[in-house]
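This is what each chain is made of:
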Amino acid sequence: MAQEPKKRHSRARQGKRRAQIHLVTQKPVMCENCGKPTLPHKICANCGYYKKQQYIA
Ligand SMILES: [Zn+2]
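Residues numbered from 1 in each chain as written. Predicted model: local features only at pLDDT ≥ 70, side-chain atom pairs only at ≥ 80, totals over all residues. Heavy atoms only, no water.

**Things to note about the side chain of Thr38**
Inference 1: With respect to the element layout, Thr38 can be found in strand β2 (residues 37–38).
Inference 2: Judged by relative accessible area, Thr38 falls into the buried class, the value being 12%.
Inference 3: The residues touching Thr38, leaving out its near neighbours within four places in the chain, are Pro28, Val29, Met30, Cys31, Ile43, Cys44 and Ala45. (Helix = DSSP H or I, 4+ residues; strand = E, 2+ residues; numbered from the N terminus. Buried < 20%, exposed > 50% of the residue type's maximum accessible area, 1.4 Å probe, protein only. Contact = heavy atoms within 4.5 Å.)

So, in structure tokens, the structure goes:
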């Protein structure tokens, strides 16, 4: 049989738990090609370069 919670959590506890559920913003890194801030592991929106290779002309 599956384990069941003995007591139900209060609305305050539920709210405290759900307060932690949110999207975290990615820390921007500087583009190696143009120096503009861009997202890590993503093609630069400004120049289209990623890992010193052009992907978007
Ligand atoms: Zn760039």
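**Here's the deal with the environment of Gly48**
Inference 1: Mapped onto the secondary structure, Gly48 falls in the loop between β2 and β3 (49–50).
Inference 2: Sequence separation of Gly48 and Cys34 is 14 residues, and the distance between their C-alpha atoms is 9.7 Å.
Inference 3: Sequence-distant contacts of Gly48, that is, excluding residues within four places in its chain, are made with Ile43, Gln53, Gln54, Tyr55 and Ile56.

**Quick look at the coordination of the zinc ion**
Inference 1: Taken together, Cys31 (SG), Cys34 (SG), Cys44 (SG) and Cys47 (SG) make up the protein donors of the zinc ion, found 2.2 to 2.4 Å from the metal.
Inference 2: Here the zinc ion binds four donor atoms, and the angle range of 104 to 115° at the metal identifies the geometry as tetrahedral.
Inference 3: Of note, the donors binding the zinc ion are all from one chain and are spaced C-x2-C-x9-C-x2-C. (Donors = N, O, S within 2.8 Å, 3.2 Å for Na, K, Ca; no water. Tetrahedral: all angles 85-135°; square planar, octahedral: opposite > 155°, others 65-115°.)

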